[in-house]
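Structural characterization, general
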Amino acid sequence: MEFRERHPGTRLPKLEPVRRTQVRCYDEDTLTARRARVVDVFESGVKPLIRIVTATGRELRATVDHAVLTPDGWRKAGELAVGDAVLAEATGADPSPAPIPPGLHRGIGVWAAARREHLIKETDSCHVCGGEFPRAGLALDHVIPVTSDLTRALDESNLAPVCEECHVRGSAEERASAPDAAGTAVARPDTIVSIADDGEEMTYDLSVEGPWHNFLANGIVVHNSYNEESGRYRNLQPVFYVPAEDRKLVQQGRPGKYEFVPGSPAQQELTERAMRDSYVQAYEAYRRMLAEGVAREVARAVLPVGLFSSMYATCNARSLMHFLGLRTQHEQAKVPSFPQREIEMVGQRMEEHWATLMPLTHAAFNANGRIAP
(Lines give C-alpha, C1' and ligand atoms only; values in the text may rest on other atoms or scores of the structure.)
Protein backbone atom coordinates (compact mmCIF):
# COMPACT_ATOMS: atom_id res chain seq x y z
CA MET A 1 0.00 0.00 0.00
CA GLU A 2 2.87 2.36 0.64
CA PHE A 3 3.88 2.35 -3.06
CA ARG A 4 0.27 2.79 -4.21
CA GLU A 5 -0.31 5.69 -1.81
CA ARG A 6 2.78 7.51 -3.07
CA HIS A 7 2.16 6.73 -6.75
CA PRO A 8 -1.60 6.29 -7.30
CA GLY A 9 -1.34 6.41 -11.09
CA THR A 10 1.73 4.26 -11.62
CA ARG A 11 1.52 0.80 -13.18
CA LEU A 12 3.27 -1.63 -10.86
CA PRO A 13 5.13 -4.49 -12.60
CA LYS A 14 4.30 -7.99 -11.40
CA LEU A 15 6.56 -9.82 -13.87
CA GLU A 16 8.81 -12.11 -11.82
CA PRO A 17 6.24 -14.70 -10.67
CA VAL A 18 5.10 -15.34 -14.27
CA ARG A 19 8.33 -15.01 -16.27
CA ARG A 20 8.19 -18.63 -17.48
CA THR A 21 4.41 -18.93 -17.72
CA GLN A 22 2.72 -19.74 -21.02
CA VAL A 23 -0.94 -19.24 -21.83
CA ARG A 24 -3.24 -20.49 -24.54
CA CYS A 25 -3.83 -18.05 -27.39
CA TYR A 26 -5.55 -18.35 -30.76
CA ASP A 27 -4.53 -17.83 -34.36
CA GLU A 28 -6.95 -15.06 -35.31
CA ASP A 29 -7.11 -16.26 -38.93
CA THR A 30 -7.82 -19.97 -38.37
CA LEU A 31 -9.15 -19.75 -34.75
CA THR A 32 -7.01 -22.75 -33.81
CA ALA A 33 -5.29 -22.89 -30.42
CA ARG A 34 -1.64 -21.93 -29.96
CA ARG A 35 0.53 -21.02 -26.98
CA ALA A 36 2.27 -17.76 -26.05
CA ARG A 37 4.66 -16.65 -23.32
CA VAL A 38 3.58 -14.02 -20.79
CA VAL A 39 5.76 -10.93 -21.26
CA ASP A 40 4.47 -8.64 -18.54
CA VAL A 41 1.83 -8.22 -15.85
CA PHE A 42 0.93 -4.83 -14.39
CA GLU A 43 -1.21 -3.73 -11.49
CA SER A 44 -3.53 -1.11 -13.00
CA GLY A 45 -5.57 0.20 -10.10
CA VAL A 46 -9.12 -0.27 -8.84
CA LYS A 47 -11.70 -0.17 -11.64
CA PRO A 48 -15.42 -1.03 -12.08
CA LEU A 49 -16.05 -4.53 -13.43
CA ILE A 50 -18.83 -6.23 -15.34
CA ARG A 51 -19.69 -9.95 -15.34
CA ILE A 52 -20.48 -11.60 -18.68
CA VAL A 53 -22.16 -15.05 -18.64
CA THR A 54 -22.49 -17.19 -21.78
CA ALA A 55 -24.91 -19.94 -22.80
CA THR A 56 -22.34 -22.64 -21.98
CA GLY A 57 -21.91 -21.27 -18.44
CA ARG A 58 -18.60 -19.47 -18.92
CA GLU A 59 -18.14 -16.29 -16.89
CA LEU A 60 -15.83 -13.39 -17.65
CA ARG A 61 -15.20 -10.53 -15.23
CA ALA A 62 -13.55 -7.60 -17.00
CA THR A 63 -13.43 -3.83 -17.27
CA VAL A 64 -15.73 -2.24 -19.85
CA ASP A 65 -12.80 -1.23 -22.07
CA HIS A 66 -11.21 -4.69 -22.23
CA ALA A 67 -11.30 -6.12 -25.76
CA VAL A 68 -13.06 -9.44 -26.32
CA LEU A 69 -12.89 -11.47 -29.55
CA THR A 70 -16.24 -11.94 -31.30
CA PRO A 71 -17.21 -13.46 -34.67
CA ASP A 72 -17.16 -9.90 -36.02
CA GLY A 73 -13.74 -9.04 -34.62
CA TRP A 74 -12.53 -7.29 -31.46
CA ARG A 75 -15.10 -5.38 -29.38
CA LYS A 76 -14.91 -3.74 -25.97
CA ALA A 77 -16.67 -5.65 -23.23
CA GLY A 78 -18.82 -2.62 -22.41
CA GLU A 79 -20.17 -2.56 -25.99
CA LEU A 80 -21.52 -6.13 -25.82
CA ALA A 81 -25.18 -6.93 -25.17
CA VAL A 82 -27.22 -10.01 -24.31
CA GLY A 83 -27.62 -12.06 -27.48
CA ASP A 84 -24.20 -11.12 -28.87
CA ALA A 85 -21.63 -13.90 -29.27
CA VAL A 86 -18.05 -14.10 -28.03
CA LEU A 87 -15.44 -16.62 -29.14
CA ALA A 88 -14.74 -19.33 -26.57
CA GLU A 89 -12.67 -22.50 -26.40
CA ALA A 90 -14.18 -25.51 -28.10
CA THR A 91 -13.26 -28.68 -29.99
CA GLY A 92 -13.70 -28.77 -33.74
CA ALA A 93 -12.99 -31.02 -36.64
CA ASP A 94 -9.32 -31.67 -37.25
CA PRO A 95 -8.29 -29.15 -39.96
CA SER A 96 -5.36 -31.37 -41.06
CA PRO A 97 -6.58 -34.99 -40.95
CA ALA A 98 -3.37 -36.31 -42.49
CA PRO A 99 -0.73 -36.35 -39.71
CA ILE A 100 2.96 -35.78 -40.40
CA PRO A 101 4.55 -39.18 -41.21
CA PRO A 102 7.00 -40.32 -38.48
CA GLY A 103 9.83 -40.61 -41.00
CA LEU A 104 9.34 -37.01 -42.15
CA HIS A 105 9.17 -35.85 -38.53
CA ARG A 106 12.51 -37.56 -37.77
CA GLY A 107 14.07 -36.08 -40.90
CA ILE A 108 13.04 -32.57 -39.86
CA GLY A 109 14.62 -33.19 -36.44
CA VAL A 110 17.90 -34.31 -38.04
CA TRP A 111 17.90 -31.24 -40.31
CA ALA A 112 17.37 -28.91 -37.34
CA ALA A 113 20.02 -30.65 -35.19
CA ALA A 114 22.59 -30.19 -37.98
CA ARG A 115 22.18 -26.42 -37.65
CA ARG A 116 22.93 -26.15 -33.92
CA GLU A 117 26.54 -25.06 -34.40
CA HIS A 118 25.52 -22.48 -36.99
CA LEU A 119 22.48 -20.97 -35.26
CA ILE A 120 23.31 -21.25 -31.54
CA LYS A 121 26.11 -19.14 -30.06
CA GLU A 122 28.56 -20.55 -27.52
CA THR A 123 26.41 -18.83 -24.89
CA ASP A 124 22.90 -18.01 -25.98
CA SER A 125 19.44 -17.29 -24.57
CA CYS A 126 16.34 -19.47 -24.56
CA HIS A 127 13.62 -17.87 -26.66
CA VAL A 128 10.94 -19.07 -24.23
CA CYS A 129 12.24 -18.21 -20.75
CA GLY A 130 14.98 -15.74 -21.70
CA GLY A 131 17.64 -17.51 -19.61
CA GLU A 132 21.30 -17.67 -20.66
CA PHE A 133 22.78 -21.15 -21.31
CA PRO A 134 25.87 -22.69 -22.89
CA ARG A 135 25.36 -24.20 -26.35
CA ALA A 136 25.46 -27.71 -24.88
CA GLY A 137 22.36 -26.92 -22.83
CA LEU A 138 20.33 -25.64 -25.78
CA ALA A 139 18.45 -27.21 -28.67
CA LEU A 140 16.79 -25.63 -31.70
CA ASP A 141 13.05 -25.20 -31.45
CA HIS A 142 10.51 -24.48 -34.20
CA VAL A 143 8.92 -21.20 -33.03
CA ILE A 144 5.86 -22.01 -35.14
CA PRO A 145 5.46 -25.75 -34.50
CA VAL A 146 5.77 -28.14 -37.41
CA THR A 147 2.33 -29.52 -36.57
CA SER A 148 0.89 -26.03 -37.05
CA ASP A 149 2.61 -25.10 -40.31
CA LEU A 150 4.61 -27.74 -42.17
CA THR A 151 5.78 -25.15 -44.72
CA ARG A 152 7.96 -23.56 -41.99
CA ALA A 153 9.62 -26.88 -41.04
CA LEU A 154 12.80 -26.19 -43.09
CA ASP A 155 12.85 -22.44 -42.57
CA GLU A 156 15.93 -21.39 -40.58
CA SER A 157 14.23 -18.13 -39.55
CA ASN A 158 11.66 -20.27 -37.72
CA LEU A 159 14.36 -21.85 -35.52
CA ALA A 160 15.38 -20.41 -32.14
CA PRO A 161 17.43 -21.70 -29.17
CA VAL A 162 15.47 -23.33 -26.35
CA CYS A 163 16.69 -24.72 -23.02
CA GLU A 164 16.07 -28.33 -22.05
CA GLU A 165 13.38 -27.54 -19.46
CA CYS A 166 11.36 -25.34 -21.82
CA HIS A 167 11.87 -27.81 -24.69
CA VAL A 168 10.48 -30.70 -22.66
CA ARG A 169 7.56 -28.63 -21.39
CA GLY A 170 6.79 -27.23 -24.84
CA SER A 171 6.85 -30.67 -26.45
CA ALA A 172 4.45 -31.98 -23.80
CA GLU A 173 2.10 -29.04 -24.35
CA GLU A 174 2.27 -29.52 -28.10
CA ARG A 175 1.37 -33.19 -27.75
CA ALA A 176 -1.44 -32.33 -25.34
CA SER A 177 -2.97 -29.77 -27.73
CA ALA A 178 -2.40 -31.88 -30.85
CA PRO A 179 -5.57 -33.04 -32.61
CA ASP A 180 -6.83 -36.52 -31.87
CA ALA A 181 -9.74 -38.57 -33.07
CA ALA A 182 -12.18 -36.16 -31.43
CA GLY A 183 -10.75 -33.06 -33.11
CA THR A 184 -8.56 -30.06 -32.31
CA ALA A 185 -8.76 -27.08 -29.97
CA VAL A 186 -10.48 -24.16 -31.67
CA ALA A 187 -12.51 -21.06 -30.79
CA ARG A 188 -16.25 -21.11 -31.45
CA PRO A 189 -19.10 -18.59 -30.88
CA ASP A 190 -20.78 -18.68 -27.46
CA THR A 191 -23.89 -16.54 -26.93
CA ILE A 192 -24.07 -14.04 -24.05
CA VAL A 193 -27.07 -14.66 -21.76
CA SER A 194 -26.43 -11.99 -19.11
CA ILE A 195 -24.30 -8.91 -18.39
CA ALA A 196 -24.27 -7.20 -14.99
CA ASP A 197 -22.19 -4.73 -13.01
CA ASP A 198 -19.89 -6.58 -10.62
CA GLY A 199 -18.38 -4.05 -8.23
CA GLU A 200 -14.89 -2.57 -8.16
CA GLU A 201 -11.61 -4.42 -7.64
CA MET A 202 -7.89 -4.10 -8.22
CA THR A 203 -7.25 -4.96 -11.86
CA TYR A 204 -4.21 -6.32 -13.69
CA ASP A 205 -3.07 -6.01 -17.28
CA LEU A 206 -1.53 -9.03 -18.98
CA SER A 207 0.77 -8.75 -21.99
CA VAL A 208 1.68 -11.79 -24.09
CA GLU A 209 4.17 -12.17 -26.93
CA GLY A 210 3.06 -12.20 -30.56
CA PRO A 211 2.19 -12.88 -33.24
CA TRP A 212 -1.29 -13.26 -31.73
CA HIS A 213 -1.72 -10.86 -28.83
CA ASN A 214 -4.58 -12.62 -27.09
CA PHE A 215 -5.14 -15.24 -24.39
CA LEU A 216 -7.86 -17.42 -22.93
CA ALA A 217 -9.59 -16.07 -19.80
CA ASN A 218 -12.09 -18.46 -18.20
CA GLY A 219 -12.59 -20.06 -21.59
CA ILE A 220 -13.19 -16.78 -23.49
CA VAL A 221 -10.69 -15.21 -25.90
CA VAL A 222 -9.63 -11.72 -24.74
CA HIS A 223 -7.01 -9.27 -25.94
CA ASN A 224 -3.55 -8.41 -24.71
CA SER A 225 -5.15 -6.02 -22.19
CA TYR A 226 -3.41 -2.72 -21.78
CA ASN A 227 -3.47 0.00 -24.43
CA GLU A 228 -3.61 3.66 -23.38
CA GLU A 229 -3.85 5.07 -19.87
CA SER A 230 -7.47 6.00 -19.23
CA GLY A 231 -8.51 9.09 -17.28
CA ARG A 232 -11.93 7.52 -16.88
CA TYR A 233 -10.70 4.95 -14.36
CA ARG A 234 -7.67 6.52 -12.65
CA ASN A 235 -6.48 9.86 -11.40
CA LEU A 236 -4.19 11.39 -14.01
CA GLN A 237 -0.81 12.59 -12.82
CA PRO A 238 0.49 16.16 -13.37
CA VAL A 239 3.14 15.37 -15.98
CA PHE A 240 3.02 18.02 -18.70
CA TYR A 241 4.99 18.90 -21.82
CA VAL A 242 7.10 22.08 -21.87
CA PRO A 243 9.18 22.60 -25.06
CA ALA A 244 12.96 22.51 -24.62
CA GLU A 245 15.09 25.37 -25.86
CA ASP A 246 15.90 23.53 -29.10
CA ARG A 247 12.20 23.38 -30.07
CA LYS A 248 11.73 25.91 -32.90
CA LEU A 249 8.77 28.14 -32.02
CA VAL A 250 8.10 30.41 -35.00
CA GLN A 251 6.47 29.35 -38.27
CA GLN A 252 7.49 31.29 -41.40
CA GLY A 253 6.19 31.08 -44.97
CA ARG A 254 2.88 30.46 -46.67
CA PRO A 255 0.68 27.40 -46.07
CA GLY A 256 2.11 24.30 -47.70
CA LYS A 257 5.57 25.86 -47.93
CA TYR A 258 6.68 26.98 -44.52
CA GLU A 259 9.46 26.33 -42.06
CA PHE A 260 10.03 26.68 -38.35
CA VAL A 261 12.78 28.89 -36.95
CA PRO A 262 14.04 29.40 -33.37
CA GLY A 263 12.14 31.82 -31.19
CA SER A 264 13.65 34.77 -29.38
CA PRO A 265 14.59 34.53 -25.69
CA ALA A 266 11.45 36.55 -24.90
CA GLN A 267 9.27 34.09 -26.85
CA GLN A 268 10.91 31.15 -25.10
CA GLU A 269 10.31 32.71 -21.70
CA LEU A 270 6.69 33.59 -22.55
CA THR A 271 5.94 30.07 -23.86
CA GLU A 272 7.35 28.34 -20.80
CA ARG A 273 5.67 30.68 -18.31
CA ALA A 274 2.28 30.58 -20.06
CA MET A 275 2.31 26.79 -20.30
CA ARG A 276 3.34 26.25 -16.69
CA ASP A 277 0.75 28.71 -15.39
CA SER A 278 -1.95 27.10 -17.52
CA TYR A 279 -1.00 23.59 -16.41
CA VAL A 280 -1.01 24.51 -12.72
CA GLN A 281 -4.41 26.20 -12.98
CA ALA A 282 -5.96 23.35 -14.99
CA TYR A 283 -4.65 20.61 -12.72
CA GLU A 284 -5.81 22.42 -9.59
CA ALA A 285 -9.29 22.67 -11.10
CA TYR A 286 -9.14 18.93 -11.91
CA ARG A 287 -8.17 18.10 -8.31
CA ARG A 288 -10.93 20.29 -6.87
CA MET A 289 -13.54 18.59 -9.02
CA LEU A 290 -12.39 15.14 -7.94
CA ALA A 291 -12.37 16.22 -4.27
CA GLU A 292 -15.99 17.38 -4.65
CA GLY A 293 -17.04 14.02 -6.05
CA VAL A 294 -17.15 14.84 -9.75
CA ALA A 295 -16.56 11.71 -11.87
CA ARG A 296 -13.09 11.27 -13.37
CA GLU A 297 -14.50 11.06 -16.90
CA VAL A 298 -16.04 14.53 -16.43
CA ALA A 299 -13.22 16.18 -14.48
CA ARG A 300 -10.57 15.21 -17.04
CA ALA A 301 -12.18 17.54 -19.59
CA VAL A 302 -10.43 20.55 -17.99
CA LEU A 303 -6.95 19.11 -18.58
CA PRO A 304 -4.97 20.47 -21.55
CA VAL A 305 -3.52 18.54 -24.49
CA GLY A 306 -0.04 19.07 -23.01
CA LEU A 307 -0.71 16.29 -20.47
CA PHE A 308 1.50 13.24 -21.07
CA SER A 309 -0.20 9.88 -21.52
CA SER A 310 1.28 6.38 -21.51
CA MET A 311 0.39 3.43 -23.69
CA TYR A 312 1.54 0.08 -24.98
CA ALA A 313 1.42 -0.66 -28.71
CA THR A 314 2.59 -3.52 -30.88
CA CYS A 315 3.75 -3.46 -34.49
CA ASN A 316 5.90 -5.43 -36.88
CA ALA A 317 9.04 -4.03 -38.50
CA ARG A 318 7.25 -3.04 -41.69
CA SER A 319 4.61 -1.03 -39.83
CA LEU A 320 7.32 0.70 -37.81
CA MET A 321 9.24 1.59 -40.98
CA HIS A 322 6.09 3.10 -42.48
CA PHE A 323 5.54 5.16 -39.31
CA LEU A 324 9.15 6.38 -39.25
CA GLY A 325 9.01 7.28 -42.94
CA LEU A 326 6.04 9.56 -42.25
CA ARG A 327 6.95 10.94 -38.84
CA THR A 328 10.71 11.59 -38.95
CA GLN A 329 12.96 13.75 -41.09
CA HIS A 330 16.14 12.11 -42.38
CA GLU A 331 18.81 12.96 -44.93
CA GLN A 332 18.51 9.50 -46.55
CA ALA A 333 14.73 9.74 -47.07
CA LYS A 334 13.69 9.60 -50.74
CA VAL A 335 10.31 11.11 -49.87
CA PRO A 336 10.58 14.19 -47.61
CA SER A 337 8.40 14.33 -44.51
CA PHE A 338 7.42 17.35 -42.41
CA PRO A 339 6.15 15.95 -39.09
CA GLN A 340 5.30 17.98 -36.03
CA ARG A 341 8.35 18.03 -33.81
CA GLU A 342 6.67 16.31 -30.86
CA ILE A 343 5.67 13.16 -32.80
CA GLU A 344 9.10 13.17 -34.42
CA MET A 345 10.66 13.00 -30.93
CA VAL A 346 8.58 9.90 -30.23
CA GLY A 347 9.62 8.36 -33.54
CA GLN A 348 13.30 9.03 -32.89
CA ARG A 349 13.18 7.25 -29.54
CA MET A 350 11.39 4.30 -31.12
CA GLU A 351 13.97 4.15 -33.90
CA GLU A 352 16.85 4.13 -31.41
CA HIS A 353 15.48 0.98 -29.76
CA TRP A 354 14.61 -0.65 -33.08
CA ALA A 355 18.09 -0.03 -34.53
CA THR A 356 19.57 -1.84 -31.54
CA LEU A 357 17.17 -4.79 -31.81
CA MET A 358 17.27 -5.19 -35.62
CA PRO A 359 20.43 -3.47 -36.92
CA LEU A 360 20.45 -5.21 -40.33
CA THR A 361 16.81 -4.42 -41.04
CA HIS A 362 17.33 -0.83 -39.89
CA ALA A 363 20.33 -0.45 -42.21
CA ALA A 364 18.33 -1.88 -45.12
CA PHE A 365 15.51 0.59 -44.37
CA ASN A 366 17.94 3.53 -44.63
CA ALA A 367 19.57 2.10 -47.75
CA ASN A 368 16.11 1.87 -49.37
CA GLY A 369 15.52 5.58 -48.85
CA ARG A 370 13.55 4.98 -45.65
CA ILE A 371 10.64 3.50 -47.60
CA ALA A 372 8.92 0.44 -46.12
CA PRO A 373 8.95 -2.65 -48.39
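Structure: above.
Basis of the calculations
- Residues numbered from 1 in each chain as written.
- Predicted model: local features only at pLDDT ≥ 70, side-chain atom pairs only at ≥ 80, totals over all residues.
- Heavy atoms only, no water.
- Phe/Tyr/Trp six-rings, centres within 6.5 Å; stacked < 30°, edge-to-face > 60°.
- Helix = DSSP H or I, 4+ residues; strand = E, 2+ residues; numbered from the N terminus.
- Buried < 20%, exposed > 50% of the residue type's maximum accessible area, 1.4 Å probe, protein only.
- Axes fitted to C-alpha atoms, helices over the stretch in contact; angles between N-to-C directions.
- Parallel < 35°, antiparallel > 145°, perpendicular 65-115°, else oblique.
- Contact = heavy atoms within 4.5 Å.
- Nonpolar A, V, L, I, M, F, W, Y, C, P; charged D, E, K, R; others polar.
- Polar contact = N/O pair within 3.5 Å; in protein donor to acceptor, adjacent residues only side chain to side chain.
- Patch = residues over 30% accessible without salt bridge, like charges linked within 9 Å, V, L, I, M, F, W, Y side chains within 5 Å.
- Areas by Shrake-Rupley, 256 points an atom, 1.4 Å probe, with all protein chains shown as cover.
- Salt bridge = Lys/Arg side-chain N within 4 Å of Asp/Glu carboxyl O.
- Expected span 1.5 Å × (residues − 1).

Within this structure, the stated rule accounts for 6 aromatic pairs. Ring geometry for Tyr241 against Phe308: centres 6.3 Å apart, planes inclined by 80°, an arrangement best described as edge-to-face. Placement of Tyr241 in the loop between strand E14 (220-223) and strand E15 (250-254) and of Phe308 in the loop between helix H6 (296-299) and helix H7 (317-327) is noted, with a sequence separation of 67 residues between them. Taken together, a centroid distance of 5.7 Å and an interplanar angle of 65° make the contact between Trp354 and Phe365 edge-to-face. Highlighted residues: Trp354 in helix H8 (residues 341-357) and Phe365 in helix H9 (residues 359-367), separated in sequence by 11 residues. You'll find Trp354 and Phe365 in the same group, each marked buried.

Once that is clear, we can look at the packing of H8 against H9. Put simply, H8 and H9 touch, their axes get as near as 5 Å, and they point 120° apart. Of the possible angle classes, the one that applies to H8 and H9 is oblique. Residues Glu351, Trp354, Ala355, Thr356 and Leu357 of H8 pack against Pro359, Thr361, His362, Phe365 and Asn366 of H9. Looking at the contact of H8 with H9 residue by residue, the classes come out as 5 nonpolar, 4 polar and 1 charged.

Our next topic: the side chain of Glu344. With respect to the element layout, Glu344 can be found in helix H8. Classification of Glu344 by relative accessible area gives buried; the value is 7%. For Glu344, the side chain forms a polar contact with the main-chain nitrogen of Gln329, separated by 2.9 Å. The residues contacting Glu344, other than those within four sequence positions of it, are Arg327, Thr328, Gln329 and Pro339.

To continue, consider a nonpolar patch on the surface. There is a patch of nonpolar side chains on the surface, built from Ile343, Val346 and Met350 and spanning about 210 Å² of accessible area. For Val346, the location among the structural elements is in helix H8.

Across its 27 residues, helix H5 (residues 265-291) extends 39 Å between first and last C-alpha, which sits within 8% of the 39 Å expected from 1.5 Å per residue. As for H5, its buried residues are in contact with H6. Immediately beyond the C-terminal end of H5, within one or two residues, lies Gly293, with a positive phi of roughly 90°.

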